[in-house]
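A look at the structure
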Amino acid sequence: WHTLVYTFFTVPVAMAIAVVIAALLNAKLRARVWYRTAIFMPHITATVAIALVWAWMYEPSVGVINWGLSWFGIRGPAWVADPAWAMTSVILMSIWKGIGLKMVIYLAALQNIPAELYEAAEIDGASPVRRFVAITLPLLGPATFFVFIISLIDSFQVFEQFYVLTPRGGPANATTVMTYEIYESAFQRFDMSTASAQSVVLFAFLLVLTMVGRRITGKDDAA
């Protein structure tokens, strides 16, 4: 259940933010290469290093997030130590880390859209928002499906951020996901038979997702 909650909030939000950023960075902006690099950097940075930085940011007394909230008179929560906020904390970090790869894929797809379509729409009086909704989003369909599949697979394999940010899948088992449960079964309870069964189920599920994605994207490539 925690894995599904994590996936439900992480995947679509990160995809939505990534496609908007890709559309903005596809325009002729000054220093856009630097912007692209800055947004992509979290993806190639070690997850453990990022999680340690975010753990400091989430620290209740000296963390930068609660410090920023205090400027608006808001008392920040304990974040990863609070069962009500622990999952949200990991989700926010994962969204930030995952935007870079999705942005690059969308950016590559945007550069394959003929400029003549936008020029014709602009001549017809379509606003930038209208052009984005009527031209960009439909033509990003194959890329969107590919990003959705790889994001879904990645969300079911998430482990490092939960291991570093939250204590033993806690607090109160609020962040115990499938991969962490497998880790607990194998290396904490030393119940290898249960861990093996859980791993096989997870592997089968990911295999199905991978084959579906490969089949559909393969058809798109062939076309």
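Described in the following lines is the structure provided in the data block.

Cut-offs applied
- Sequence positions are assigned chain by chain, starting from 1 and proceeding in written order.
- Local features in a predicted model are, by the rule used here, given only for residues with pLDDT of at least 70; side-chain atom pairs are given and counted only at 80 or more, and totals for whole chains, interfaces and linings are based on all residues.
- Hydrogen atoms and water are omitted, and side-chain values are computed over all heavy atoms in the structure.
- The rule is simple: take the accessible area with a 1.4 Å probe, protein chains only, and divide by the maximum for that residue type; under 20% is buried, over 50% is exposed, in between is partly exposed.
- Where helices and strands are cited, they refer to DSSP runs of H or I of at least four residues and of E of at least two residues respectively, numbered from the N terminus.
- Only heavy atoms matter for contacts: two residues are in contact if any of them lie within 4.5 Å across the pair.
- Here, expected helix span is obtained from the residue count minus one, scaled by 1.5 Å.
- His residues and chain termini do not enter the charge count, which takes Lys and Arg as positive and Asp and Glu as negative.
- Throughout this description, the term salt bridge denotes a Lys or Arg side-chain nitrogen within 4 Å of a carboxyl oxygen of Asp or Glu.
- Pairs of N or O atoms are called polar contacts if they sit within 3.5 Å, as long as, within protein, a hydrogen donor faces a hydrogen acceptor (for residues adjacent in sequence, only side-chain-to-side-chain pairs).
- Two distance rules govern patches: like charges are joined within 9 Å, and nonpolar side chains (Val, Leu, Ile, Met, Phe, Trp, Tyr) within 5 Å, applied only to residues with over 30% relative accessible area and no salt bridge.
- In these tables, accessible area is a Shrake-Rupley quantity obtained with a 1.4 Å probe, and a residue counts as shielded only by the protein chains included in the view.
- Here, nonpolar core means buried Ala, Val, Leu, Ile, Met, Phe, Trp, Tyr and Cys residues that are tied together by side-chain atoms lying within 4.5 Å of each other.
- Each axis is a line fitted through C-alpha atoms, and for a helix only the stretch in contact is used; angles between axes span 0 to 180 degrees, taken between their N-to-C directions.
- For classification, angles of less than 35 degrees are called roughly parallel, those exceeding 145 degrees roughly antiparallel, those between 65 and 115 degrees roughly perpendicular, and all remaining angles oblique.
- A crossing counts as left-handed when the near helix is turned anticlockwise from the far one by less than a right angle, and as right-handed when that turn is clockwise.
- Any two rings among Phe, Tyr and Trp, with Trp reduced to its six-membered ring, count as a pair given centres within 6.5 Å; such a pair is stacked if its planes are under 30 degrees apart, edge-to-face if over 60, and tilted if neither.
- Here a cavity denotes a set of grid points, spaced 1 Å apart and computed over the protein atoms alone, in which a 1.4 Å probe fits but from which it cannot get out, and a pocket denotes an open set meeting protein on both sides within 12 Å along at least five of seven lines; residues with an atom within 4 Å of a point are reported as lining.
- Grid points are joined across faces, edges and corners, and a volume is the space filled by probe spheres set on the points.

**With respect to unusual backbone geometry**
- In the Ramachandran plot, W79 falls in the positive-phi region, its phi being about 55 degrees despite a non-glycine side chain.
- On the accessibility criterion, W79 (7% relative accessible area) is buried.
- Unusually for a residue other than glycine, F190 sits at a positive phi of about 55 degrees.

**Structural notes on the environment of V5**
- Among the secondary structure elements, V5 is positioned in helix 1 (residues 2–25).
- Apart from residues lying up to four places away in sequence, V5 is in contact with M87 and I91.

**What to know about helix 1**
- Taking 1.5 Å of rise per residue, the 24 residues of helix 1 would be expected to cover 34 Å, and the 34 Å separating its terminal C-alpha atoms lies within 8% of that figure.
- Where helix 1 is concerned, the buried positions are T3, V5, Y6, T7, T10, V11, A14, M15, A18, V19, A22 and L25.
- Elements in contact with the buried residues of helix 1: helix 2 (32–44), helix 5 (86–110), helix 7 (128–139), helix 8 (141–156), helix 9 (160–165) and helix 10 (178–188).

**Re the environment of A86**
- Following the sequence through the fold, A86 ends up in helix 5.
- Under the relative-accessibility criterion, A86 is labelled buried at 0%.
- In this structure, the C-alpha to C-alpha distance between A86 and P167, residues 81 residues apart in sequence, is 10.0 Å.

**So, the side chain of K102**
- Here K102 lies in helix 5.
- Here K102 occupies a buried position and makes no salt bridge, while the nearest side chain of opposite charge, D154, is found at 5.9 Å.
- Here the side chain of K102 touches G98 through a polar contact of 3.2 Å, landing on its backbone oxygen.
- Sequence-distant contacts of K102, that is, excluding residues within four places in its chain, are made with A14, M15, A18, V147 and S151.

**Notes on a nonpolar patch on the surface**
- Residues V53, W56, V62, V64, W67, W71, F72 and I74 make up a contiguous nonpolar surface patch of roughly 950 Å² in combined accessible area.
- Contributing elements (two or more residues each) for the nonpolar patch: helix 3 (47–57) and helix 4 (64–70).
- Mapping V62 onto the fold places it in the loop between helix 3 and helix 4.
- Accessibility expressed as a relative area gives 54% for V62, which makes it exposed.

**Section: the nonpolar core**
- Membership of the largest hydrophobic core comes to 40 residues, with the highest contact counts inside it found for Y6, W54, Y106, F162 and L165.
- Taken together, the elements giving at least two residues each to this core come down to helix 1, helix 3, helix 5, helix 8, helix 9 and helix 10.
- Top contributing element to this core by residue count: helix 5, with twelve residues.
- Sequence-distant contacts of Y6, defined by excluding residues within four places in its chain, comprise M87, V90, I91, S94, S155, V158, Q161 and F162.

**Focus: the packing of helix 5 against helix 8**
- The N-to-C vectors of helix 5 and helix 8 enclose an angle of 160 degrees; their axes lie 10 Å apart at closest approach. The angle between helix 5 and helix 8 falls in the class roughly antiparallel. As for how helix 5 packs across helix 8, the hand of that crossing is right-handed. Contacts between helix 5 and helix 8 involve L101, K102, I105, Y106 and A109 from the first element and A143, T144, F146, V147, I150 and S151 from the second.

**Points about the packing of aromatic side chains**
- Counting across every chain of the model gives 15 aromatic pairs.
- Both rings, one in Y183 and one in F187, keep their centres 5.8 Å apart while their planes meet at 40 degrees; by these two values the pair is tilted. Of this pair, Y183 and F187 both sit in helix 10, four residues apart, roughly one helical turn.
- Grouping aromatic residues by their ring pairs yields a cluster made of W54, Y58, W79, W85 and W96.

**Overview of the layout of surface pockets**
- Taken as a whole, the largest pocket spans an internal volume of roughly 600 Å³.
- What lines the largest pocket is a set of 17 residues, and nearest its centre among them are A23, N26, A27, Y118 and T136.
- Contributing elements (two or more residues each) for the lining of the largest pocket: helix 1, helix 6 (115–123) and helix 7.
- Per element, the largest residue contribution to the lining of the largest pocket is five residues, and it comes from helix 7.
- The computed volume of the second largest pocket comes to approximately 420 Å³.
- What lines the second largest pocket is a set of 19 residues, and nearest its centre among them are H43, K97, G98, D154 and Q161.
- The biggest single contributor to the lining of the second largest pocket is helix 5, with five residues.

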